[in-house]
Amino acid sequence: MTQDELKQAVAHAALRQVPQGEIIGVGTGSTVNFFIDALATMKDKVRGAVSSSERSTERLKAHGIEVFDLNVVERIPVYVDGADEIDPSGAMIKGGGGALTREKIIAEVADRFVCIVDASKLVPVLGKFPLPVEVVPMARELVLRRLRALGGEPRLREGYITDNGNVILDVHGLAIANPREFESSINQIPGVVTVGLFAHRGADLALVGTATGVQEHAYV
C-alpha cells in the first residue's frame, strides 16, 4: 500500500470513533484531510466541528460541515488529528503543519484524543522529527538561545507565519527521553506560545495504518 492509501485507511477507521449528533475536534495535515473527506460522507450525523487551522476550516466548509468557534462549545467528545511522531506512551510531536497551538488547545478541551497515523510515525523515542516551537516574534533570539542551552539545534522556519501571527522554530538533534519534563521546560521560556510536544495531553488512542490493516493502540 502507498502512504496515501494507509492514510485513507486510518481516516475511514476514525469515523467509527465519531459520536453522532456531537461537535467534534478536527486537526490539521495530510492525514486529517483524508479524514475530513471521509467525514463528509456522514456529515448529516454530526452537528459540526471545531477546527485547528484555517486550512482545515476551509476544507470542512467546502464539504458543508459547520465550523464552530471553540468559545461557544461546552464539550468536545473526541478530537481527531495526526502526528509527526508518537512514542509508546502516546506522547507525540506535532506541528509540522504549523497549527500546534490551536491543536493543543482543542486537545486540552477534548474528552478523547484519537491520533491517526501510518506506521512510519511510530518511534521508540521522540526527536528525530524536528520539534516545532511557536514563538512571539520579538522573543525569537531569546528562545533560540534557551533551546540551544537545552541541547537542541533550533532553526527558524523561513517564510512561515502561523495563523496566530507568530514564527516557528524547528528544533533538531533531540532525543526526548522524558517528554513531559521537556514539554514543561520549553513552555516556561518567556516568548514561547507553545511547543509541539504533546506529552501532558497525549493520545488516548492511535489508529495506525499498516500493510496488513489498521491497528489500534490504546494508552492509559
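Coordinates for the structure precede this section.
What counts and what doesn't
- Residues numbered from 1 in each chain as written.
- Predicted model: local features only at pLDDT ≥ 70, side-chain atom pairs only at ≥ 80, totals over all residues.
- Heavy atoms only, no water.
- Helix = DSSP H or I, 4+ residues; strand = E, 2+ residues; numbered from the N terminus.
- Rg over C-alpha atoms; globule rule 2.2 N^0.38 Å.
- Buried < 20%, exposed > 50% of the residue type's maximum accessible area, 1.4 Å probe, protein only.
- Contact = heavy atoms within 4.5 Å.
- Areas by Shrake-Rupley, 256 points an atom, 1.4 Å probe, with all protein chains shown as cover.
- Lys, Arg positive; Asp, Glu negative; His and termini not counted.
- Charge placed at Lys NZ, Arg CZ, Asp CG, Glu CD.
- Pairing = 2+ DSSP bridges.
- Axes fitted to C-alpha atoms, helices over the stretch in contact; angles between N-to-C directions.
- Parallel < 35°, antiparallel > 145°, perpendicular 65-115°, else oblique.
- Left-handed = near helix turned anticlockwise from the far one by under 90°.
- Nonpolar A, V, L, I, M, F, W, Y, C, P; charged D, E, K, R; others polar.
- Salt bridge = Lys/Arg side-chain N within 4 Å of Asp/Glu carboxyl O.
- Patch = residues over 30% accessible without salt bridge, like charges linked within 9 Å, V, L, I, M, F, W, Y side chains within 5 Å.

Student: Quick rundown of the overall build of the chain? Include the residues and the values.
Tutor: When you go through the chain residue by residue, the secondary structure sums to six helices and 13 strands. The C-alpha radius of gyration computed for the chain amounts to 17 Å, which stays within 12% of the reference 17 Å derived for 220 residues, consistent with globular compactness. Judged by the C-alpha coordinates and their principal axes, the chain covers about 50 × 40 × 30 Å. Across the 220 residues of the chain, 54% fall into the buried class. For the chain, long-range pairs separated by at least 24 residues make up 72% of all intrachain contacts whose partners lie at least 6 apart in sequence. Counting every atom, the chain has about 10100 Å² of accessible surface; 49% of that belongs to carbon and sulfur. Taken together, the 23 basic and 28 acidic charged side chains of the chain have centroids lying 1 Å from each other.

Student: For the sheet that holds strand S3 (residues 79–81), give the residues involved together with the corresponding values.
Tutor: Taken in spatial order, the six strands line up as S2-S1-S3-S6-S12-S13 in an open sheet, and their pairing is mixed. Of all strands in the sheet, those bounded by a partner on one side alone are strand S2 (48–51) and strand S13 (213–218). Ignoring which end each strand starts from, the neighbouring axes of this sheet average 25° apart. Of the strand pairs in this sheet, strand S12 (residues 205–210) and S13 are connected by six bridges, and their pairing is antiparallel. Its bridge partner being in S13, Leu207 is matched across the sheet by Glu216.

Student: Give me helix H2 (residues 30–39): which residues, what numbers.
Tutor: In terms of burial, H2 is largely enclosed, as seven of its 10 residues are buried. Looking at H2, one finds that the buried residues are Thr31, Val32, Phe34, Phe35, Ile36, Ala38 and Leu39. Lining the buried residues of H2 we find helix H1 (3–14), strand S1 (23–26), helix H3 (54–62), S3 and strand S6 (113–118).

Student: Quick one: what's the story with the packing of H2 against H3, residue by residue and with numbers?
Tutor: At a closest axis distance of 9 Å, the pairing of H2 and H3 adopts a crossing angle of 20°. Comparing the axis directions of H2 and H3 gives the class roughly parallel. At the point where H2 passes H3, the crossing takes the right-handed sense. Here Val32, Asn33, Ile36, Asp37 and Leu39 of H2 come into contact with H3, specifically with Ser56, Arg59 and Leu60. Looking at the contact of H2 with H3, its residues break down into four nonpolar, two polar and two charged.

Student: Run through the sheet that holds strand S10 (residues 192–195), naming residues and quoting values.
Tutor: An order of S8-S9-S7-S10 is seen for the four strands of this open sheet, with the pairing classed as antiparallel. Each having just a single partner strand, strand S8 (153–156) and S10 make up the two edges of the open sheet. Pairwise comparison of adjacent strand axes, ignoring direction, gives a mean angle of 30° for this sheet. Here strand S7 (residues 131–135) runs beside S10; their pairing, made up of three bridges, is antiparallel. By the bridge assignment, Val133 is partnered in S10 with Val195. Along the sheet, helix H6 (residues 179–187) contacts S7 and S10; its crossing angle with S10, the most-contacted strand, is approximately 165°.

Student: Please set out the pairing of strand S9 (residues 167–172) residue by residue, giving values where relevant.
Tutor: Burial within S9 is extensive, with five of its six residues counted as buried. By the bridge criterion, four bridges tie S8 to S9 in an arrangement that is antiparallel. By the bridge assignment for S9, Arg155 is matched with Asp170.

Student: Quick one: what's the story with the pattern of salt bridges, residue by residue and with numbers?
Tutor: In total, this model carries 11 salt bridges according to the counting rule given. Here Asp111 ties to Arg75 by a salt bridge, and the two come within 2.9 Å at their closest N and O atoms. Of this pair, Asp111 sits in the loop between helix H4 (100–109) and S6 while Arg75 sits in the loop between H3 and S3; the two residues are 36 residues apart in sequence, bridging distant segments of the chain. Among the charged side chains, a salt-bridge network with shared partners connects Glu22, Arg75 and Asp111.

Student: Can you lay out a nonpolar patch on the surface for me, pointing to particular residues and giving the numbers?
Tutor: A contiguous nonpolar patch, built from Val136, Met138 and Val193 and spanning about 290 Å² of accessible area, is present on the exposed surface. Here Val136 is to be found in the loop between S7 and helix H5 (140–149). Residue classification places Val136 among the partly exposed positions, given a relative accessible area of 33%.

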